Amino acid sequence: MLYSKDHASVNELTKKALSILSEIFDKSDSIEIIIVEDDLIVNKNPMREMGIHGDNFVKRIKRKGMSRIHLLKGVTHSELKQFIADIATTTGGIKSYQHIKTGVVDVHIGNVEIDSLNEDFDAEDLSSFTSEQIAKVREEYNKISPFKKLNIAGFEEIVVKFLMMLQKKVNILKLIKPPRSFDQYSYTHATNVAVLTIFQAEVLGLREDMLHDIGIAALLHDVGKLLIPKDGLNKEGSATGEEKIKLHPLYGAQYLANVDGLTRLAPIAAFEHHLRYDGQGYPELKTGNRKQHICSQMIAISDFFDTLRSTSLYRTSLGVKEMISLIRTKDEGAFNPFLVNNFTRAMHLAIS
Ligand SMILES: [Fe+2]
Ligand SMILES: [Fe+2]
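Bear in mind that the values here come from a model prediction, so they are computed numbers and not experimental data. Counting starts from 1 at the beginning of each chain's written sequence and moves along it residue by residue. The naming scheme follows written order: chains are lettered A onward, ligands numbered 1 onward. The predicted nature of this model means local features are confined to residues of pLDDT at least 70 and side-chain atom pairs, given and counted, to a pLDDT of 80 or more, with totals for whole chains, interfaces and linings taken over all residues. Derived side-chain values reflect all non-hydrogen atoms in the structure, with water molecules and hydrogen atoms excluded from consideration.

Participant: Teacher, can you tell me more about the packing of aromatic side chains here?
Facilitator: Two measures describe an aromatic ring pair: the distance that separates the ring centres and the angle between the ring planes. Between 30 and 60 degrees the pair is tilted, below 30 it is stacked and above 60 it is edge-to-face, where a pair is any two Phe, Tyr or Trp rings, Trp via its six-membered ring, whose centres lie within 6.5 Å. Counting across every chain of the model gives five aromatic pairs. An angle of 55 degrees between the planes, with centres 5.5 Å apart, marks the rings of Phe-304 and Phe-335 as tilted. Taken as a pair, Phe-304 in helix 11 (residues 294-311) and Phe-335 in the loop between helix 12 (320-328) and helix 13 (337-351) lie far apart in primary sequence, 31 residues in all. For Phe-304, a relative accessible area of 22% gives the class partly exposed. Per the convention used, a helix needs a DSSP run of H or I reaching at least four residues, while a strand needs a run of E reaching at least two, with both numbered from the N terminus. Exposure categories follow from relative accessible area, calculated using a 1.4 Å probe and restricted to protein chains: below 20% of the type maximum is buried, above 50% is exposed, and the middle band is partly exposed.

Participant: Help me understand the side chain of Asp-86, please; the structure alone is not making it clear to me.
Facilitator: Its place among the elements puts Asp-86 in helix 3 (residues 77-88). Separated by 2.7 Å, the side chains of Asp-86 and Tyr-97 make a polar contact. Here Asp-86 is in contact with Lys-64, Gly-93, Ile-94, Lys-95 and Tyr-97, once residues within four sequence places are set aside. Contacts described as polar in this section are N or O atom pairs within 3.5 Å, which, within protein, must combine one atom able to donate a hydrogen with one able to accept it, while residues neighboring in sequence count only if both atoms come from side chains. The criterion used for residue contact is that any of the two residues' heavy atoms lie within 4.5 Å.

Participant: How do you make sense of the coordination of the iron ion (ligand 2) when you look at a structure like this?
Facilitator: Where a metal carries four tetrahedral donors, each ideal angle is 109.5 degrees; where it carries six octahedral donors, the ideal angles are 90 or 180 degrees. The rule for donors is simple: N, O or S, within 2.8 Å of the metal, or within 3.2 Å if the metal is Na, K or Ca. Water isn't counted, so a site may look like it is missing partners. The protein atoms that coordinate the iron ion (ligand 2) are His-189 (NE2), His-221 (NE2), Asp-222 (OD) and Asp-303 (OD), at distances spanning 2.2 to 2.3 Å. Here the iron ion (ligand 2) is ringed by four donor atoms whose angles at the metal span 75 to 171 degrees, and the overall shape comes out irregular. For the iron ion (ligand 2), the single-chain donor residues occur in sequence as H-x31-H-D-x80-D. Note on His-189: relative accessible area 3%, which makes it buried. In short, tetrahedral needs four donors with all angles between 85 and 135 degrees, square planar needs four and octahedral six donors with opposite donors over 155 degrees apart and all other angles between 65 and 115, and whatever is left is irregular.

Participant: Can you walk me through the coordination of the iron ion (ligand 1) in this structure?
Facilitator: Every protein donor of the iron ion (ligand 1) is accounted for by Asp-222 (OD), His-248 (NE2), His-273 (NE2) and His-274 (NE2), and the metal-donor separations fall at 2.1 to 2.2 Å. For the iron ion (ligand 1), the four donor atoms in the first shell make angles of 87 to 177 degrees at the metal, so the coordination geometry reads as irregular. Sequence positions of the donors to the iron ion (ligand 1) reduce to the motif D-x25-H-x24-H-H. Distance-wise, the iron ion (ligand 2) is placed 3.6 Å from the iron ion (ligand 1), both being coordinated by Asp-222. Residue His-248 is located in helix 9 (residues 248-257), and its partner His-274 is located in the loop between helix 10 (265-272) and helix 11; the two are separated by 26 residues in the primary sequence.

Participant: Any chance you could explain the pattern of salt bridges here in plain terms?
Facilitator: When their charged atoms lie close together, side chains carrying opposite charge are able to pair. Note on definitions: salt bridges are taken to be side-chain nitrogens of Lys or Arg within 4 Å of carboxyl oxygens of Asp or Glu. Considering all chains together, one arrives at nine salt bridges under this definition. With a shortest N-O distance of 3.5 Å, Asp-29 and Lys-73 are connected by a salt bridge. Linking Asp-29 in the loop between helix 1 (8-27) and strand 1 (30-36) with Lys-73 in the loop between strand 4 (68-72) and helix 3, this pair joins segments that are 44 residues apart in sequence. The partner of Arg-276 in a salt bridge is Asp-331, and the shortest N-O contact between them spans 3.0 Å. Taken together, the residues Arg-276 in the loop between helix 10 and helix 11 and Asp-331 in the loop between helix 12 and helix 13 connect sequence positions 55 residues apart. A relative accessible area of 39% means that Asp-331 is categorised as partly exposed.

Participant: Help me understand the pairing of strand 1 in this model?
Facilitator: Two faces belong to every sheet, and in a regular strand the side chains alternate between them. Counting buried positions along strand 1 yields six of seven residues, so the element is predominantly enclosed. Following DSSP output, two strands are said to pair if at least two bridges run between them. Summarising the sheet, strand 1 and strand 2 (residues 39-42) pair through four bridges and their orientation is antiparallel. Pairing of Ile-34 across the sheet is with Ile-41, part of strand 2. Here strand 1 folds back onto strand 2, and the loop between the two strands holds two residues, one of which, Glu-37, carries a positive phi near 50 degrees.

This is the structure:
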């Protein structure tokens, strides 16, 4: 045991925790905390930069094999004190109390109950719906120029349409499409990545306004590809095609950082979607301890999935199950393992 429940630091922590909780309880009747690897999601809101106390909390909860904590209004000082003492011990589990329930996160498919996926839409309806959205993405993409500020209204409209389809419990796999031609690739890819990422976020149980922001960020994740100057990038010698393309996260993030009314997630995801979960990937990070935002982590998984799907067009075509197993067996450290689990399990349910 690190310290007993009457130890001064437990008292101190309990007081601090109660004052933070009572502020949240002013606005809500309960607090749901979900732990996704190193991230905390509090009332469906991913928290970032939690500081040393937050990191410690996550580590301790994970050590106890827990990933979901539900705090109900009315939680008492003594319950909280006992709970914090439970977390602080190195042995034993965490008990549930009258106002504190603990457990593990399971794939709960948010509002999408896979069993009751809506089959009212026939394949043709869905195919023309998605084609329409891809055409709109193309229209919006064609307006993009490094010399003009982006107007996000069109992109927002597209995301709202997809959210409406999700509410109607449409099988998400029917909304993603292989690109018909090379010319169509970037619009189809942006649309697929948006749909797949909204799906992941919904399965994770994130709030609807977050789904909207995540959808916009996903639609724009590769926007930097349109903004790379055609001529050489450095004066000494021109950069190779590959070097140039690796700059798209940077160009995208710079461009999106100045757009009015756009969620902060968009420049963050544009910048981070080629980072790996272990901090490798590109652009190389100068500071060692910055980690990828959970939304960028989801976009990275969707991006990989859709790229597999598209490239498999030119090889023997891969089935969804094979793609899922390729994501699962991708080298350790590429993706957040919890999110891979979340994504692949939900995909399995959606196709079975
Ligand atoms: Fe990219
Ligand atoms: Fe991409």
